[in-house]
Amino acid sequence: MVLLEGKLFTRPLMEKLKGRTKRIAGLAVSVAKPSPPEGFSPSGQCPNDGFGVYSSSEFAHCKVVQWNPLGNGLAYEDFSFPIFLLEDENETNVIKQCYRDHNLGRNGSAPAFPLCAMQLFSHMHAVTSTVTCMRRSSIQSTFSINPEIVCDPLSDYNVWSMLKPINTSGTLEPDDKVVVAATRLDSRSFFWNVAPGAESAVASFVTQLAAAEALQKIPSVATLPHNVMFVFFQGETFDYIGSSRMVYDMEKGKFPVKLENIHSFVELGQVALRTSQDLWMHTDPMSQKNDSIKNQVEQLLTTLETVGAGVPAVVLQRPRQSQPLPPSSLQRFLRAQNISGVVLTDHSAAFQNRYYQSIYDTAENINVSYPPHLSPEEDLDFVTDTAQALADVATVLARALYRLAGGIASVDSIRADPKTVNRLLFGFLVKANNSWFQSLIRQDLKPYLGGGPLQHYIAVSSPTNTTYVVQYALANLTGTVIDLTQEQCQDPSKVPNENKDLYEYSWVQGPLNSNGTSRLPHCVRSTARLVRALSPAFELRQWSSTEYSTWTESRWKDIRARIFLVASKELEFITLMVGFGILIFSLIATYCINAKANVLFLTPREPGAVSY
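What comes next is a walk through the structure.

Reading the values: rules and limits
- Residues numbered from 1 in each chain as written.
- Predicted model: local features only at pLDDT ≥ 70, side-chain atom pairs only at ≥ 80, totals over all residues.
- Heavy atoms only, no water.
- Helix = DSSP H or I, 4+ residues; strand = E, 2+ residues; numbered from the N terminus.
- Polar contact = N/O pair within 3.5 Å; in protein donor to acceptor, adjacent residues only side chain to side chain.
- Contact = heavy atoms within 4.5 Å.
- Buried < 20%, exposed > 50% of the residue type's maximum accessible area, 1.4 Å probe, protein only.
- Pairing = 2+ DSSP bridges.
- Axes fitted to C-alpha atoms, helices over the stretch in contact; angles between N-to-C directions.
- Patch = residues over 30% accessible without salt bridge, like charges linked within 9 Å, V, L, I, M, F, W, Y side chains within 5 Å.
- Areas by Shrake-Rupley, 256 points an atom, 1.4 Å probe, with all protein chains shown as cover.
- Salt bridge = Lys/Arg side-chain N within 4 Å of Asp/Glu carboxyl O.
- Lys, Arg positive; Asp, Glu negative; His and termini not counted.
- Charge placed at Lys NZ, Arg CZ, Asp CG, Glu CD.

## A few points about the side chain of Glu504
Right, so step 1: Position of Glu504 among the secondary structure elements: in strand E14 (residues 504-508).
Right, so step 2: Within polar-contact distance, the side chain of Glu504 engages the side chain of Arg529 at 3.1 Å.
Right, so step 3: Aside from chain neighbours lying at most four places away, what touches Glu504 is Val524, Arg525, Ser526, Ala528 and Arg529.

Following this line, the structure appears as structure tokens:
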């Protein structure tokens, strides 16, 4: 059993340990504090390779740009022994102290028994591959009354909303155009359900939430020629689960918006680590071989540059035109149809993020910190430099979306609220269970907030914590508080002038009253909805698909660890012999007692007749 310091958790060392699997029973990794200055990313150097638009072109396999040069690919290696993460420093100290007390010899002598030992339990039911485990699960489900499922597809829900409500029971007409604003919700690390994703996910979806709020405040949004759809994709880390499912549903007519309705596509990538004030606009060189698309993309970039000129803290930059798109949801849409789109990031080529998809992509990675003298509630209103910088990006995004949707009025009044950005960052990265988040959600969802920051792993039990919180944050930031009772809010079909096909209705806890003793619940009407994010491969039963993501997660019964003391071999032998001796003595005693039972255990005489 190996206890490994976080700074030593590197690919070369793991390969050495992997080569000695007969001697390694398990590995416990402690978190490095501070984060490794050289960076650490267990993802690959070419994230989502093979599932984007460049899977079979001159740009395939990141030949032009290696987006994640620090990626060591550990997350995609197969290890035959369990690997646990020790996040609590006290746990690490207990293990070290146990080792020092029992496993270190004194004055050069060999250690004396008992010795400290450690055991890790993490038996996984699934084996080999998705194809094998899904086939076994399918056979169990077909022929067994009590099937034992061995693995489940990674799945959750995409969050989406419309600037102007649409009838979700049908589909848009071909002439109805929609500007799509997209970002991702999920991240990952080497370890299960540890996915802080500060730069890789949180900063971008927080920025988009702030932009949605800013755009919704414009009085004239109802008169815009085009609609705007805000979408937050789940499962993008695992080969574009969310975006590939939405594209699939659009093609099959299972989603209100079709591919032909998309006017333009603006996506937020990693945006929290801007150097200087630069924000880079990435476009696809392949689709621009079509002159019509090229002109549309040029208009899109010009619009961004024009509105960006009004925000001095953000300078829009263009990478070279021959450079491909970074890993992004836009690639899945381009794989289906040529559209004009752009991905906004803080990097011109390789990622600025040194901790992409790792346990160290935390609030500290994007410089989110608060003065120590402030209380958690005071932190909610303290605007950090990062929050202000992301609010500036959100302002540019909101203004650009307004122009792309056909707005012609001045955009100077469109401005994202830095306090909203800060509250979102604090909730998602520091402490989710705060008064503001509590006011946004239903009462029964309060346990989803947990005690610390939320983790953004897609998982198999859905919706996840992040999905719910983002949906309700979007609903509160873009929706309207209406005067309905709880019963009416939960069943608006019985209320005149309310339409479930146009709106989503949520009964939320609301803010605290003036005394701070109870909350003021109310009904929020919005267009924020959920739609399934499950790879089409599982609906089509194409478990070996190379077109769609086929990620699954094994089932297990118990994951735990323990430390204990091990006796010497001599003591174990003596204990065995004593036990064996007791067993022999017991057998002999039992035989003797059974043989003399008629003597030892006399049958009582039956009472005689009694006469009076």
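Still more to cover.
## Notes on the environment of Leu454
Right, so step 1: When you line up the elements, Leu454 lands in the loop between helix H11 (435-440) and helix H12 (465-478).
Right, so step 2: Since its relative accessible area comes to 3%, Leu454 is described here as buried.
Right, so step 3: Excluding residues that lie within four positions of it along the chain, Leu454 makes contacts with Phe428, Ala432, Tyr448, Leu449, Asn465, Thr466 and Val469.

## Points about the sheet that holds strand E10 (residues 278-282)
Right, so step 1: Across the sheet, 8 strands lie side by side as E11-E10-E12-E9-E7-E8-E6-E16; this open sheet has mixed pairing. Two strands bound the open sheet, and with one partner strand each, they are strand E11 (315-317) and strand E16 (529-534). If you compare each strand with its neighbour and ignore which way they point, the axes differ by 25 degrees on average.
Right, so step 2: The pairing of strand E6 (residues 155-162) with strand E8 (residues 227-233) spans 4 bridges and is classified as antiparallel. Bridge pairing in E8 places Ser161 opposite Phe230.
Right, so step 3: The strands touched by H12 within the sheet are E6, E8 and E16, with E6 carrying the most contacts at an inclination of about 5 degrees.

## Thoughts on a negative patch on the surface
Right, so step 1: The grouping of Glu87, Asp88, Glu89 and Glu91 at the surface amounts to a negative patch.
Right, so step 2: If you trace the backbone, Glu91 turns up in helix H2 (residues 89-102).
Right, so step 3: According to the relative accessible area criterion, Glu91 is partly exposed, its value standing at 40%.

## Here's the deal with the pattern of salt bridges
Right, so step 1: Per the counting criterion, the structure on display carries 19 salt bridges.
Right, so step 2: Between Glu539 and Arg245 there is a salt bridge; the shortest N-O distance is 2.9 Å. Linking Glu539 in helix H14 (residues 536-539) with Arg245 in helix H5 (residues 241-252), this pair joins segments that are 294 residues apart in sequence.
Right, so step 3: Since its relative accessible area comes to 37%, Glu539 is described here as partly exposed.
Right, so step 4: The salt bridge partner of Asp381 is Arg423, with a shortest N-O separation of 2.9 Å. Of this pair, Asp381 sits in the loop between helix H8 (376-379) and helix H9 (385-404) while Arg423 is found in helix H10 (residues 418-429), placing the two residues 42 residues apart along the sequence.
Right, so step 5: The exposure class assigned to Asp381 is partly exposed, which follows from its relative accessible area of 39%.
Right, so step 6: Residue Arg423 is classed as partly exposed on the basis of its relative accessible area, which comes to 22%.
Right, so step 7: Linked by salt bridges that have partners in common, Arg11, Glu15, Lys18 and Glu77 make up one network.

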